Amino acid sequence: MAMIRPLSEALTGTTIDRDRASSVLEVNNLELRFGGTRAIDGVSFDVKRSELFAIIGPNGAGKTSIFNCLSGVYRPQKGTLHFLGTDLLGLRPDDIAGRGIARMFQNIELFDNLTVLDNLMLGRHLHIGYGTPAALLYRGRAKREELANRRIVEDIVDFLEIEAFRKFPVGMLPYGVKKRVELGRALAMEPKLLLLDEPVAGMNVEETEDMARFILDIRAELDMTMIMVEHDMGLVMDLADRILAVDFGRPLALGTPREVQSDPAVIKAYLGESDEGPTLEEAAAEAGRDA
Ligand SMILES: Nc1ncnc2c1ncn2[C@@H]1O[C@H](COP(=O)(O)OP(=O)(O)OP(=O)(O)O)[C@@H](O)[C@H]1O
Ligand SMILES: [Mg+2]
């Protein structure tokens, strides 16, 4: 049987020399408007090193918009964003990705006609960022880098248990596997912060359990800092260290799963009223159905 190197050894760039209590990300008083719509309205939070931070809220609450601000797709009108001490405002998406923020999208964004391996290799190239002229000048070095990239990609394939699909075009794969490839593509970029936008949306119970296991493994093996947006409240409550709840762009609560789960404002946002009724998990499942 082939020896599999631990993924943490392969992905050397993921280690951050900072103590655990320090913040990887600091978001202050963020505000984003589209015409009259306030998609984000005064949101502040920080994410500690190795933390699994979750953002929850009903449909249209502004969760994806927060990710879009973090990855440079949207430019907020107000507020500050600092990632490992760097001001992110005004940086381009590829620059932000190069600094170590990778993302798994709410709607899968892979190249359907390319194989699993090629999609993952694209993640590597985003990380390395060498262009054609460099490849011509340093043919030897480029070749060595290419081999190193292939090894890392194969490690990721092993880690995510998608060996059987390596050479398949992504378009042919079942939904749950595609989501795993998307996670792999993000990992291939050796991020220091991983953004997961609804990683288990549309998955069956088995696929959800698999994804939850991979998220936990990424955390345990790579010591990865993550922000997860998710409607599956059971998953959020089980996995997250802290949770930020938002509604209509505004922050409702920030705290441990236990604190946020019992927060009256959070329950009200999901139920529309604070009367006795379904639990937060039931209400969130209902809200997530039309996501
Ligand atoms: N590019 C855009 N142009 C105009 N309005 C936008 C744009 N992007 C987001 N919005 C609006 O901002 C608000 C927040 O949207 P966002 O996608 O961030 O919500 P969300 O919390 O991710 O919702 P869901 O759970 O359905 O994914 C919504 O009212 C949405 O219509
Ligand atoms: Mg969204």
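Residues numbered from 1 in each chain as written. Chains lettered and ligands numbered in written order. Predicted model: local features only at pLDDT ≥ 70, side-chain atom pairs only at ≥ 80, totals over all residues.

As for the site of ligand 1
The environment of ligand 1 is made up of 13 residues, and the closest members are F34, A39, K63, T64 and S65. Mapped onto the shell around ligand 1, the elements with two or more residues apiece are β2 (37–48) and α2 (63–70). A total of three residues in the shell around ligand 1 trace back to one element, the largest contributor, which is α2. (Near = placed C-beta within 6 Å. Helix = DSSP H or I, 4+ residues; strand = E, 2+ residues; numbered from the N terminus.)

Here's the deal with the packing of helix α7 (residues 175–188) against helix α8 (residues 205–222)
Running from N to C, α7 and α8 point in directions that differ by 15°, and their axes come no closer than 10 Å. When the interaxial angle is binned, α7 and α8 end up roughly parallel. Considering how the two elements wind past one another, α7 and α8 form a crossing that is right-handed. In this structure, α7 uses G176, K179, R180 and L183 to contact α8, whose residues at the interface are E207, D210, M211 and F214. (Axes fitted to C-alpha atoms, helices over the stretch in contact; angles between N-to-C directions. Parallel < 35°, antiparallel > 145°, perpendicular 65-115°, else oblique. Left-handed = near helix turned anticlockwise from the far one by under 90°. Contact = placed C-beta atoms within 7 Å.)

A short note on the pairing of β2
Of the strand pairs in this sheet, strand β1 (residues 23–34) and β2 are connected by nine bridges, and their pairing is antiparallel. Across the sheet, L25 pairs through a bridge with V47, a residue of β2. Linking β1 to β2, which pair antiparallel, is a turn of two residues; within it G35 sits at a positive phi near 60°. (Pairing = 2+ DSSP bridges.)

Concerning the sheet that holds β2
Strand pairing within a sheet occurs via backbone hydrogen bonds; the two strands may be parallel or antiparallel. Read across the open sheet, the four strands follow the order β2-β1-β4-β5; overall the sheet is antiparallel. A single partner strand is all that each edge strand has here, and the edge strands are β2 and β5 (86–87). The sheet contacts of α2 involve β1, β2 and β4 (78–83), and relative to β2 the element is tilted by about 65°.

Thoughts on the pairing of strand β8 (residues 225–229)
Of all five residues making up β8, five are buried, and the element is well covered by its neighbours. Of the two faces of β8, the one lined by T225, I227 and V229 and the one lined by M226 and M228 are each fully buried. Here strand β3 (residues 52–56) pairs with β8 via four bridges, running parallel. The residue bridging L52 from the neighbouring strand is M226, located in β8. The pairing of strand β7 (residues 193–197) with β8 spans five bridges and is classified as parallel. Following the sheet pairing, L193 is matched in β8 by T225. (Buried ≥ 20, exposed ≤ 12 C-beta atoms within 10 Å, placed from the backbone.)

Section: unusual backbone geometry
At N29, a residue that is not glycine, the phi angle is positive and equals roughly 50°. Among the structural elements, N29 can be located in strand β1. Looking at N29, the number of C-beta atoms within 10 Å reads 13, which means it is partly exposed. Positioned with a positive phi, F248 is a non-glycine residue whose angle comes to about 50°. For F248, the location among the structural elements is in the loop between β9 (242–247) and β10 (250–255).

A few points about the sheet that holds β7
Here we have six strands laid out as an open sheet, ordered β6-β7-β8-β3-β9-β10, and mixed in their pairing. Edge positions in the sheet fall to β6 (101–104) and β10, since each has one partner strand and no second. Across the sheet, the axes of successive neighbouring strands diverge by a mean angle of 15°, strand direction being ignored. Looking at chain direction, β3 and β9 are connected through four bridges and run parallel.

Here's the deal with helix α11 (residues 264–271)
For α11, the full list of buried residues reads V266, I267, A269 and Y270. End-on view of α11: buried residues confined to an arc of 160°, all on one side of the axis. (Arc of directions from axis to C-beta.)

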